[in-house]
Amino acid sequence: MGFVSGMFMGALFGISIMAGWRYMMRNRSRNRAAKAADIKLLGSLDREDLKKLCGDNYPEWISFPVYEQVKWLNKQLSKLWPYVAEAATIIIRESVEPILEEYRPSGISSLKFSKLSLGNVAPKIEGIRIQSQKQGQITMDMDFRWGGDPDIVLGIEAGVSLPIQLKDLQVFTIIRVIFQLCEEIPCISAVVVALLSEPKPRFDYTLKAVGGSLTAIPGLSDMIEDTVNSIITDMLQWPHRIVVPLGGVPVDTSDLELKPQGKLMLTIVKATHLKNMEMMGKSDPYAVAFIRPLEKFKTKVIENNLNPVWDQTFHLTVEDKETQYAVVEVFDEDIGSDQRLGIAKLPLVDLQPEIEIEINLRLMPSLDMLKIKDKKDRGNIIVKAKYHHYTKEEQDAALAEEKKMLENKEKMRNDGVINSTMDAIDDPTHVSG
């Protein structure tokens, strides 16, 4: 009897333990699921939602990073950098040298790479954010930093031959990458690369003459800096972009290419209280207007006048009204090189289609506020602006007209009419008195 009762009690105790274990595991699983749901709900809250829930007890240490860290990617990039740098050097030499020639300043007769190496220090990607996932595309922004050790020497001809070395190069920018997806492996048919305009891309470097002096060519540092800034603005800075098809199969990248969105009818009315640059008499001012550096137009020169009236209208191509702005510069025509009297910019984002507005812009020494040392007043320029959004037919016509304009500027440079394709022109097809 004792043996039977012992077996019964043992079995009952074992069954109780198993039942209790099963209940505990089920309860634990339910608690985990409930916590996961709570965490998921918490993860969907933004800063304002948490402030409403927590009130004055909102912890300041809670942050919402815009960019996700990618330490794993930086580790792989460091390992692959020797191969990436070698391939990138070939691509840069083949693609950038023609651009340097196209944007070559008028004071320089030849501008090429004498030496090009990207060095041994890999760039660092501080973070990545997925911007959008529209059908067939993935758009991501990368916080890109590079304080490398490249060996870059530019061969410059300007009456004299002078190699110029770029030293202490540092790059701080946000790179936008768009992947166009496809069904075939590697599942990406094309890649779009561009630099975001905000925050403004920073390319810091110093110039050193190899076996000579920078003063051998007056204004050389400024010419190189202006050329670099123009290339970045006109070729790489969003909405401008580089489209790279991938794979051997022909790919339609027309949807990725930059197209004219509309046109800005900009009337440069007059300037007031300009700064006088002349020792005797007054400045001889004229104005230059552009959105892209390759499409610059200039007014007539008003001699001996610090309050000139031009009243000339230019049609400027707009490719992204949300991010682009028009630039207006005023120069003093002089023997040799013209002096800048002031510069101003007009953001396009607030312009309403087909509504003309008059704007009084303050002239500044530079658009880069960090470089402004002279705080003296440089006067104002009054402009009228009206934006027109293109139809599909107008867009196609604008593409053909832009191509014709660039071909015409190239011909003018070859004929010696202008020194560079970045020179401003007073094309009568774009100007009305």
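Residues numbered from 1 in each chain as written. Predicted model: local features only at pLDDT ≥ 70, side-chain atom pairs only at ≥ 80, totals over all residues. Heavy atoms only, no water.

K.L.:
Before we move on, can you summarise the overall build of the protein chain with the specific residues and values?
P.N.:
Counting its secondary structure elements, the protein chain contains five helices and 17 strands. Across the 433 residues in the protein chain, those meeting the buried criterion constitute 39%. Residue pairs in contact within the protein chain that sit at least 24 positions apart in sequence constitute 65% of those at least 6 positions apart. If you sum the accessible surface of the protein chain, you get close to 26,000 Å²; carbon and sulfur atoms cover 57% of it. (Helix = DSSP H or I, 4+ residues; strand = E, 2+ residues; numbered from the N terminus. Buried < 20%, exposed > 50% of the residue type's maximum accessible area, 1.4 Å probe, protein only. Contact = heavy atoms within 4.5 Å. Areas by Shrake-Rupley, 256 points an atom, 1.4 Å probe, with all protein chains shown as cover.)

K.L.:
Let's hear about the environment of Val171: which residues, and what values?
P.N.:
Relative to the helices and strands, Val171 is located in strand E5 (residues 161-181). Judged by its relative accessible area of 5%, Val171 is buried. In sequence terms Val171 and Trp146 are 25 residues apart; their C-alpha atoms lie 5.0 Å from each other. If sequence neighbours within four positions are ignored, Val171 has contacts with Phe144, Arg145, Trp146, Arg202 and Phe203.

K.L.:
Outline the pairing of strand E16 (residues 380-389), supporting the account with residue identities and numerical values.
P.N.:
Pairing between strand E9 (residues 262-272) and E16: 10 bridges, direction antiparallel. In the sheet register, Ile268 faces E16, and the bridge partner there is Val383. As paired elements, strand E15 (residues 357-362) and E16 share six bridges and run antiparallel to each other. Within the sheet, the bridge partner assigned to Ile357 lies in E16 and is Ala385. (Pairing = 2+ DSSP bridges.)

K.L.:
Would you mind going over the sheet that holds strand E10 (residues 285-290) in detail, with residue names and values included?
P.N.:
Reading across from one edge, E11-E10-E13-E14 is the order of the four strands in this open sheet, with antiparallel pairing throughout. Sheet topology places strand E11 (296-298) and strand E14 (339-347) at the edges, where each strand pairs with a single neighbour. The average undirected angle you get between the axes of adjacent strands in this sheet is 20°. Alignment of E10 against strand E13 (residues 325-332), held across six bridges, turns out to be antiparallel. Bridge pairing in E13 links Val288 to Glu329. (Axes fitted to C-alpha atoms, helices over the stretch in contact; angles between N-to-C directions.)

K.L.:
Which residues make up the nonpolar core, and what values do they have?
P.N.:
Counting residues in hydrophobic clusters, the biggest one holds 39 residues, and the most contacted among them are Trp81, Trp146, Leu154, Ile156, Ile164 and Leu220. Apart from the residues lying within four places of it in its own chain, the contact partners of Leu154 are Leu100, Leu111, Lys112, Phe113, Ser114, Leu162, Pro163, Ile164 and Leu166. Counting 33 residues, the second-largest nonpolar core is a separate cluster that includes Ala289, Phe314, Leu363 and Ile418. (Core = buried A, V, L, I, M, F, W, Y, C linked by side-chain atoms within 4.5 Å.)

K.L.:
Before we move on, could you go through helix H4 (residues 220-236) and cite the residues and values that matter?
P.N.:
Because each turn of an α-helix spans 3.6 residues, side chains separated by three or four positions end up pointing in the same direction. Between the first and last C-alpha of H4 there are 23 Å, a value that for 17 residues agrees with the 24 Å anticipated at 1.5 Å per step. Residues of H4 that are buried make contact with helix H3 (71-102), strand E1 (110-117), strand E4 (151-157), E5, strand E6 (188-195) and strand E7 (202-209). (Expected span 1.5 Å × (residues − 1).)

K.L.:
Could you give an account of the pattern of salt bridges, with specific residues and numbers?
P.N.:
This structure, assessed with the given rule, holds 11 salt bridges. The shortest N-O distance in the salt bridge between Lys115 and Asp151 comes to 2.9 Å. Placement of Lys115 in strand E1 and of Asp151 in strand E4 is noted, with a sequence separation of 36 residues between them. Using a relative accessible area of 44% as the deciding quantity, one classes Lys115 as partly exposed. (Salt bridge = Lys/Arg side-chain N within 4 Å of Asp/Glu carboxyl O.)

K.L.:
Any details on the packing of aromatic side chains? Residues and values, ideally.
P.N.:
For the structure shown, the criterion picks out three aromatic pairs. Ring centres 6.1 Å apart and planes at 20° place the aromatic pair Phe297 and Phe314 in the stacked group. Linking Phe297 in strand E11 with Phe314 in strand E12 (residues 309-318), this pair joins segments that are 17 residues apart in sequence. Each of the two residues, Phe297 as well as Phe314, counts as buried. The cationic tip of Lys296 hangs over the ring face of Phe290; the distance from NZ or CZ to the ring centre is 4.9 Å. Note that Lys298 overlies the ring of Tyr286, its terminal NZ or CZ placed 5.9 Å from the centroid. (Phe/Tyr/Trp six-rings, centres within 6.5 Å; stacked < 30°, edge-to-face > 60°. Lys NZ or Arg CZ within 6 Å of the ring centre and 35° of its normal.)

K.L.:
So what's going on with a nonpolar patch on the surface? Residues and values would help.
P.N.:
Judged by side-chain polarity, Val193, Ile242, Val244 and Leu246 come together as a nonpolar surface patch covering roughly 260 Å² of accessible area. With respect to the element layout, Leu246 can be found in the loop between strand E8 (242-245) and E9. (Patch = residues over 30% accessible without salt bridge, like charges linked within 9 Å, V, L, I, M, F, W, Y side chains within 5 Å.)

K.L.:
Pulling in residues and values, what's your account of the side chain of Thr313?
P.N.:
As for its placement among the helices and strands, Thr313 is situated in strand E12. With a relative accessible area of 15%, Thr313 lands in the buried category.

K.L.:
Which residues make up the environment of Ser114, and what values do they have?
P.N.:
Along the chain, Ser114 falls in strand E1. Spatially, the C-alpha atoms of Ser114 and Ile152 are 7.7 Å apart, while their sequence positions differ by 38 residues. When near neighbours in sequence (up to four residues on either side) are disregarded, Ser114 contacts Val153, Leu154 and Gly155. Within the structure, the side chain of Ser114 is placed 3.3 Å from the backbone nitrogen of Gly155, a separation counted as a polar contact. (Polar contact = N/O pair within 3.5 Å; in protein donor to acceptor, adjacent residues only side chain to side chain.)

K.L.:
Which residues make up the confidence of the model for the protein chain, and what values go with them?
P.N.:
Residues of the protein chain with pLDDT of at least 70 account for 80%, and the chain-wide mean is 80. Low pLDDT (under 50) marks residues 428-433, which in the prediction has 13 contacts with non-local residues, meaning those over four places away or in another chain. (pLDDT = per-residue confidence, 0-100.)

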